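One letter stands for each residue in the lines below.
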Amino acid sequence: MPDRCTDVLKLMDFYIGTYTRGTQSDGIYHLQLNEDDYRLYCAAVADNPSWLVQADDRIVYAVAEVNDGDASGGNLTVFMETATGRLELTQTLPSQGDDPCHLTLMDNQLITTNYASGSVVGYAIVRGAGLALASRVDHHGSGPDQRRQESAHAHSSIAIQGDIVVADLGMDRLMVYNKGLELQSEVGLPPGSGPRLMAASNGYLHVICELSNTIETFRLARHYEHVNSTSTLPDDFDGASFTAHIALSADGRFLYGSNRGHDSIVVMTIEDGFPKPVQWVPSGGRHPRHFTLTRDGSILMVANRDDNNIVLYKRSEATGLLEDMDREIEVPAPVCILQV
């Protein structure tokens, strides 16, 4: 992947996670983006680093989303950011399951969800010594979609009110654990919905569901009270599509979701906790698996896996609406964007 510029003014820096198997990608890329140009180079060779998170001490954690049919399953990798922006591998350890696809940092631990095997694993973060296995729980269950929900599929987690909430796509359930991964409660979702990822703000939890193409909203009180279901697709769309990512604006007024198939970003306003679609914009490529809002909220960046690009949109702080900036960055099979 060529350098597009040298010695640029670094306005924004990102690490890009990718799929490497069957693609032209080498691993994790470092993107330096300024007003007029960008520089992109490989920061670390890695195997299917499809989800990245960063700790405050310049440590980057990545999954190796692999399942080779043996006992080892997938892996977690730990990198130290160097002065040049490249990543130095410091630790590799088993994810205790197949196809790890998501990571959540909570206090001094890292939570991993293994999609194919339906397991949730907690690792203690030991300063100066990396990660150490602390706890594990295995999900058992299924849903009505015999092809996609034949078994449990733990997809993601989120920290809420001191608990860890896990969305299981295969079971149509949210599993609520304490920090030690001891089960506190279970929350059911509509059958066949396939909960994938979550975002929470202002006393509400929004769950984007991959199979039903909906946002399911829960009021966070003593119990998780289901209060609303909103389609991520326009009424006139007739075709196959599956949701992917979800994010809220920093002020909690706007919600964004990606549709793979419709290949769009949906913009929703939040009114009394309930999402309402107000805009759909083309994602600029096929299979928008991930997107991110920049830290200042001015830009939304979409990673289109199947067209090997990241596309930029200007975001209105007042209305939440998106405007195509006509800027495209070539990245092989991008599936995660992490601002650093």
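The coordinates are above.
What comes next is a walk through the structure. Just so we're clear, the structure is a prediction, and the values are computed from it rather than from any experiment.

Judged by pairing direction, the sheet is antiparallel, and its four strands sit side by side in the order β4-β5-β6-β7 without closing on themselves. The sheet is open, and its two edges are formed by β4 (52-54) and β7 (87-94), each paired on a single side. When the angles between neighbouring strand axes are averaged without regard to direction, this sheet yields 20 degrees. Examined bridge by bridge, β4 and strand β5 (residues 59-64) share three bridges and lie antiparallel to one another. If you follow Q54 over to β5, its bridge partner there is V60.

Structurally, Q149 is set in the loop between β11 (130-138) and β12 (154-160). A relative accessible area of 0% places Q149 in the buried class.

Once that is clear, we can look at the sheet that holds strand β1 (residues 12-18). Overall, antiparallel pairing links the four strands, which are arranged β3-β2-β1-β28 in an open sheet. This sheet does not close on itself; its edge strands, each paired only once, are β3 (38-45) and β28 (334-339). Across the sheet, the axes of successive neighbouring strands diverge by a mean angle of 25 degrees, strand direction being ignored. Here β1 runs beside strand β2 (residues 27-33); their pairing, made up of five bridges, is antiparallel. Of the residues in β2, the one forming a bridge with F14 is L31.

Scanning the entire structure with this criterion turns up 14 salt bridges. The salt bridge partner of D307 is R286, with a shortest N-O separation of 2.9 Å. Within this pair, whereas D307 is found in the loop between β25 (299-304) and β26 (309-315), its partner R286 is found in the loop between β23 (274-282) and β24 (288-293), the two being separated by 21 residues in sequence. Among the residues examined, R286 registers a relative accessible area of 43% and is labelled partly exposed.

Turning our attention to the pairing of β5. Within β5, six of the six residues are buried, which leaves the element mostly enclosed by the surrounding structure. What sits between β4 and β5 in their antiparallel hairpin is a turn of four residues, with R58 showing a positive phi close to 70 degrees. Across six bridges, β5 lies against strand β6 (residues 75-81) in antiparallel orientation. Paired with I59 across the two strands is M80, which belongs to β6.

Turning next to the state of the cysteines. The final tally for this structure, using the stated rule, is zero disulfides. The thiol of C101 is not disulfide-bonded; the next cysteine sulfur, from C336, is found 11 Å away. By relative accessible area, which is 5% here, C101 ends up buried.

How each quantity is defined
Residues numbered from 1 in each chain as written. Predicted model: local features only at pLDDT ≥ 70, side-chain atom pairs only at ≥ 80, totals over all residues. Heavy atoms only, no water. Pairing = 2+ DSSP bridges. Helix = DSSP H or I, 4+ residues; strand = E, 2+ residues; numbered from the N terminus. Axes fitted to C-alpha atoms, helices over the stretch in contact; angles between N-to-C directions. Buried < 20%, exposed > 50% of the residue type's maximum accessible area, 1.4 Å probe, protein only. Salt bridge = Lys/Arg side-chain N within 4 Å of Asp/Glu carboxyl O. Disulfide = S-S within 2.5 Å.

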